[in-house]
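Inside the fold
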Amino acid sequence: MTIPPSLPPKPTYRLAVFALVRQQGNVLLVRPHHLLLPGGPQSLPGHIMLDTEPGLGVVETGLRRHLLSQVGIAVSDFRLVGSHISRSGRPEHPTLRMNLIFGTEYCSGILNPQPDMFKSALWVPQAQLVDNVPEWLRSALHELEQVTSPSVTPATEGSGLGLFRRRQT
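In short, a report on the structure. (Residues numbered from 1 in each chain as written. Predicted model: local features only at pLDDT ≥ 70, side-chain atom pairs only at ≥ 80, totals over all residues. Heavy atoms only, no water.)

1. What about the packing of aromatic side chains?
- This structure, assessed with the given rule, holds two aromatic pairs.
- Relative to Phe 102, the ring of Phe 78 lies with its centre 6.0 Å away and its plane at 70°, an arrangement referred to as edge-to-face. In this pair, Phe 78 is assigned in the loop between strand S4 (73-75) and strand S5 (79-90) and Phe 102 in strand S6 (residues 93-109), connecting sequence segments 24 residues apart. No difference in accessibility class separates Phe 78 from Phe 102, as the two residues are buried.
- Between Tyr 106 and Trp 123, the aromatic rings sit 5.6 Å apart at their centres with planes inclined by 80°, giving edge-to-face as the arrangement. (Phe/Tyr/Trp six-rings, centres within 6.5 Å; stacked < 30°, edge-to-face > 60°. Helix = DSSP H or I, 4+ residues; strand = E, 2+ residues; numbered from the N terminus. Buried < 20%, exposed > 50% of the residue type's maximum accessible area, 1.4 Å probe, protein only.)

Structure, rendered in structure tokens:
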């Protein structure tokens, strides 16, 4: 059986991963030279995975490596907090990309955005991100709030209730 030549080619799928990093009520946003996420100039650090990156542990490992090389920080555990599909390429042969957004907490490092990748990187108060942000970011922020355990929320960080209690004088 032969396939008729009039059928359109199947779309190509790619996978991109991004990190939604929080630190004490602030969220890390970057301004890349080449936008990978839709909805304006603000974005998240991350990358489009190569076809040569098969395997289960590659997403987390690759995203950790990219955070270190792109902005100079290390993070805690990742939790999937958002996903969406974006379309690019020619209309007759589109490339579809699944963008996965992983929420995490900042651990260490000095924010040092690489100038060949980003115009800037800023810690923005999460309260300022209610309006004028893309829906994918608003949804991911909401989901991150839902999956974060109460012991790691910004309200309890720095309150002296963790491992290192403040000494009363």
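That covers the picture; the talk isn't over yet.
2. Brief notes about helix H2 (residues 135-147)
- The end-to-end C-alpha distance of H2, which contains 13 residues, comes to 18 Å, matching closely the 18 Å that a straight helix rising 1.5 Å per residue would cover.
- Three or more residues of H2 are buried, namely Trp 136, Leu 137, Ala 140, Leu 141 and Leu 144. Across the axial projection of H2, the buried residues extend over an arc of 135°, all falling on one side. Seen from the open side of H2, the exposed residues pointing more than 90 degrees away from its buried face are His 142 and Gln 146. (Expected span 1.5 Å × (residues − 1). Arc of directions from axis to C-beta.)

3. Remarks on helix H1 (residues 58-71)
- Over its 14 residues, H1 extends 19 Å from the first C-alpha to the last, a length consistent with the 20 Å expected when each residue adds 1.5 Å.
- Within the span of H1, buried status applies to Val 59, Gly 62, Leu 63, Leu 67, Gln 70 and Val 71. Projected down its long axis, H1 shows its buried positions confined to an angular sector of 140°, all on one face. Residues of H1 that are exposed and point over 90 degrees away from its buried face: Arg 65 and Leu 68.
- Count one or two residues on from H1 and you reach Gly 72, which has phi positive near 75°.

4. Some thoughts on the pattern of salt bridges
- Here the structure, examined in full by the defined rule, presents four salt bridges.
- For Glu 60, the salt bridge is made with Arg 64, and the minimal N-O distance between the two is 3.0 Å. Taken together, the residues span about one helical turn, with Glu 60 and Arg 64 both in helix H1 at a distance of four residues.
- In this structure, Glu 135 engages Arg 138 in a salt bridge whose closest nitrogen and oxygen atoms are separated by 3.3 Å. In this pair, Glu 135 and Arg 138 are both assigned in helix H2, three residues apart and thus about one turn of the helix distant.
- Overlapping salt bridges, with partners in common, bring together Arg 22, Glu 105 and Glu 145 in one network. (Salt bridge = Lys/Arg side-chain N within 4 Å of Asp/Glu carboxyl O.)

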